[in-house]
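Observations on the model geometry
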Amino acid sequence: MRFIATIKDIAKYLGVSVSTVSRAMNNHPDIRQETKEEVLEAMRKLNYTPNAVARSLIQRKSYTIGLMLPDITDPFLSAVAHGVEEVLSDGGYQVVYGNTSKRREKEYNFMMGAAQRKMDGLIVTSDFMDREMIDLIKRLDIPVVFMRRRPPEELEMPFVDVDHYKGSCQALDYLLSLNHTRIGFIGMPETSYTGKERYRAYLDTLSKNGLTPPPQSRVVGEKTYASGYESMGRLMKAYPEMTAVFAANDILAIGALEWLAEQNISVPGRISVVGFDNLEVSDLHWIKLTTVAQPRKEMGRKAAELLINMVQEDGLSPPSILLDTELIIRRTCAPVR
């Protein structure tokens, strides 16, 4: 049987008290660094703890990173998280997930937990950056990278994202090139930064081409297939003369396609549809949605690389990163008949 040492064994091996070993393991400030190193070496020899804990003792790091996401079941965010975890795992870090369910109190509690657990850094996608939350992040005094969100200017922290405005303009320019001038918009809730940017692109692109969409050309839904389905019905009733729809994400767009299919409305013969995100489901044979692709996994990787650099070089303030989008043309768009 393999021998597993106890704190008493380590204390006896070093000829010190159990309390000295315990305080060294907990990085207590009144224990000399030389003693901590001796305890670390004894831990290795006597097979006391995993290497990660030993490293944290000597290097004064926990080797844990917090990843705060609004909805871990979101297929977009799960791909981003995969990229984050790949980089952090290769760097010897453990990822602690915080699924906030888009609730403010869960965001606040997760950030408080980051301080209590002495995490080395945070990657956050926050929906509630109010005064209390800003003050809390300042007090954390650990590196923070924002992902798919712009931090308040006073935090002076980097972010990783794509240019939602530019990508949306690409999609709308494509519809205009097919001679669509009556274009509807299915948007996300007003609290969504990405939703606001995509709607701003919708208004600006049409305006630059001398077009003013009527008020009834826009409906707002949640980020669900059911909401896309219901929104398409409302939009068609309010704006029946439209010939194309730009949905603020693929989930809304696919819900819209389902409604159109049930109503026997031809896509793209009668209505062209464009989404945003390029989720895997959008490329299924019976969907083949024209959409704007984001490098989801690369976004996560870049956020993790940025944070590791900040953790390893105290005080580093790297520039933010904006990744490129790409228009993916499939089978849901056609010229106006």
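Residues numbered from 1 in each chain as written. Predicted model: local features only at pLDDT ≥ 70, side-chain atom pairs only at ≥ 80, totals over all residues. Heavy atoms only, no water.

Some details on helix α6 (residues 104–116)
Quick note on the threshold: To qualify as a helix, a DSSP run of H or I must reach at least 4 residues; to qualify as a strand, a run of E must reach at least 2; elements of each kind are numbered from the N terminus. For a helix, the expected span equals 1.5 Å multiplied by the number of residues minus one.
A rise of 1.5 Å per residue sets the reference length of α6, with its 13 residues, at 18 Å; its end C-alpha atoms lie 19 Å apart and thus fit the reference within 8%. Following α6 by one or two positions, K118 has its phi on the positive side, about 55 degrees.

A look at the sheet that holds strand β11 (residues 321–323)
Under the convention used in this document: When DSSP finds two or more bridges between a pair of strands, those strands are recorded as paired. An axis is simply a line fitted to the C-alpha atoms; with a helix, the fit covers only the stretch in contact. Between two such axes, the angle follows the N-to-C directions and lies from 0 to 180 degrees. The contact criterion used throughout is that any non-hydrogen atoms of two residues lie within 4.5 Å.
Read from one edge of the open sheet, 6 strands run β2-β1-β3-β4-β5-β11, paired in parallel fashion. Of all the strands in the sheet, just β2 (94–99) and β11 have a single pairing partner and so form its edges. Strand-to-strand twist across the sheet, computed as the mean angle between neighbouring axes with direction ignored, equals 15 degrees. Relative to β2, strand β1 (residues 64–69) is paired through 6 bridges, and the arrangement is parallel. Note that in β2 the partner of M68 across the bridge is G98. Sheet strands touched by helix α12 (residues 296–312): β1, β3 (121–124), β4 (144–147), β5 (159–162) and β11. Its angle to β4, the strand with the most contacts, is close to 165 degrees.

Notes on the domain arrangement of the chain
Let me state the cut-off plainly: Note that the domain bounds reflect an automated or database-derived domain assignment.
We note that the domain assignment places domain 1 (7–50), domain 2 (63–162 + 297–323) and domain 3 (164–294) within the chain. Placing a centre on the C-alpha atoms of domain 1 and another on those of domain 2 gives a separation of 33 Å.

Side note on the pairing of β1
Operational definition: Three labels apply to residues, based on accessible area from a 1.4 Å probe with only protein chains included: buried if under 20% of the type maximum, exposed if over 50%, partly exposed otherwise in between. Orient the strands so they point away from the viewer; a crossover is then right-handed if the path from the first strand over the helix to the second runs clockwise.
Across the 6 residues of β1, 6 count as buried, placing the element largely inside the fold. Across the two faces of β1 the burial is the same, with T64, G66 and M68 and I65, L67 and L69 all buried. Remark: the β1/helix α5 (residues 75–90)/β2 crossover connection has right-handed handedness. By the bridge criterion, 4 bridges tie β1 to β3 in an arrangement that is parallel. Bridge pairing in β3 links I65 to G121.

Digging into the environment of R103
Mapped onto the elements of the fold, R103 is located in the loop between β2 and α6. For the pair R103 and L235, spaced 132 residues apart in the sequence, the C-alpha separation amounts to 29 Å.

What about the nonpolar core?
Note the cut-off: Buried Ala, Val, Leu, Ile, Met, Phe, Trp, Tyr and Cys residues that are joined via side-chain atoms within 4.5 Å together make up what is termed a nonpolar core.
By size, the foremost hydrophobic cluster in this structure holds 39 residues, and its most contacted members are I183, I186, M232, M242 and I271. Looking at this core, the elements that each hand over two or more residues are α8 (164–177), β6 (183–187), α9 (193–208), α10 (225–238), β8 (244–247), α11 (250–262) and β9 (272–274). The dominant element in this core, judged by the number of residues it contributes, is α11, at 7 residues. Each residue touching I271, except ones within four places of it in the same chain, is listed here: M236, M242, T243, A244, V245, L260, I265, S266 and T332. Counting 29 residues, the second-largest nonpolar core is a separate cluster that includes L69, M147, I251 and L307.

Quick notes on the sheet that holds strand β7 (residues 218–220)
The pairing of strands in a sheet happens through backbone hydrogen bonds and is either parallel or antiparallel. Read across the sheet, 4 strands follow the order β7-β6-β8-β9 without closing on themselves; strand pairing throughout is parallel. Unpaired on one side and paired on the other, β7 and β9 mark the two borders of the sheet. Averaged over all pairs of adjacent strands, the angle between their axes in this sheet comes to 15 degrees, without regard to strand direction. Of the pairings in the sheet, the one linking β6 to β8 comprises 4 bridges and is parallel in character. Across the sheet, F185 pairs through a bridge with F246, a residue of β8. Lying on the sheet, α9 is in contact with β6, β7 and β8; it crosses β6 at an angle near 170 degrees. Contacts between α11 and the sheet are confined to β6, β8 and β9, with β9 contributing the most and set at about 160 degrees to the helix.

Description of the packing of helix α1 (residues 7–14) against helix α2 (residues 18–25)
The test is simple: With respect to orientation, any angle under 35 degrees is reported as roughly parallel, any angle over 145 as roughly antiparallel, any angle of 65 to 115 as roughly perpendicular, and every other angle as oblique.
In the contact formed by α1 and α2, the axes pass within 8 Å of each other and the chain directions differ by 110 degrees. It follows that α1 is roughly perpendicular to α2 by the angle criterion. Contacts between α1 and α2 involve I7, K8, I10 and A11 from the first element and V18, V21 and M25 from the second.

Examining the side chain of Q294
This is how it is decided: Any N or O atom pair separated by 3.5 Å or less is treated as a polar contact, with the protein-specific requirement of one donor-capable and one acceptor-capable atom, and with residues adjacent in sequence counted only for side-chain atom pairs.
With respect to the element layout, Q294 can be found in the loop between β10 (291–293) and α12. For Q294, the side chain forms a polar contact with the side chain of D277, separated by 2.6 Å. In contact with Q294, not counting residues within four places along its chain, are F76, R148, V162, H164, R198, F276, D277, M299 and T325.

Considerations on the packing of α2 against helix α3 (residues 33–45)
Quick reminder of the rule: Each residue is assigned to one of three groups, with Ala, Val, Leu, Ile, Met, Phe, Trp, Tyr, Cys and Pro labelled nonpolar, Asp, Glu, Lys and Arg labelled charged, and all others, Gly among them, labelled polar.
One way to put it is that α2 packs onto α3 with a least axis distance of 9 Å and a crossing angle of 95 degrees. Taken together, the axis directions place α2 and α3 in an arrangement best described as roughly perpendicular. Where α2 approaches α3, its residues T20, V21, A24 and M25 are matched on the opposing element by T35, K36, V39 and M43. Considering only residue class, the contact of α2 with α3 consists of 5 nonpolar, 2 polar and 1 charged.

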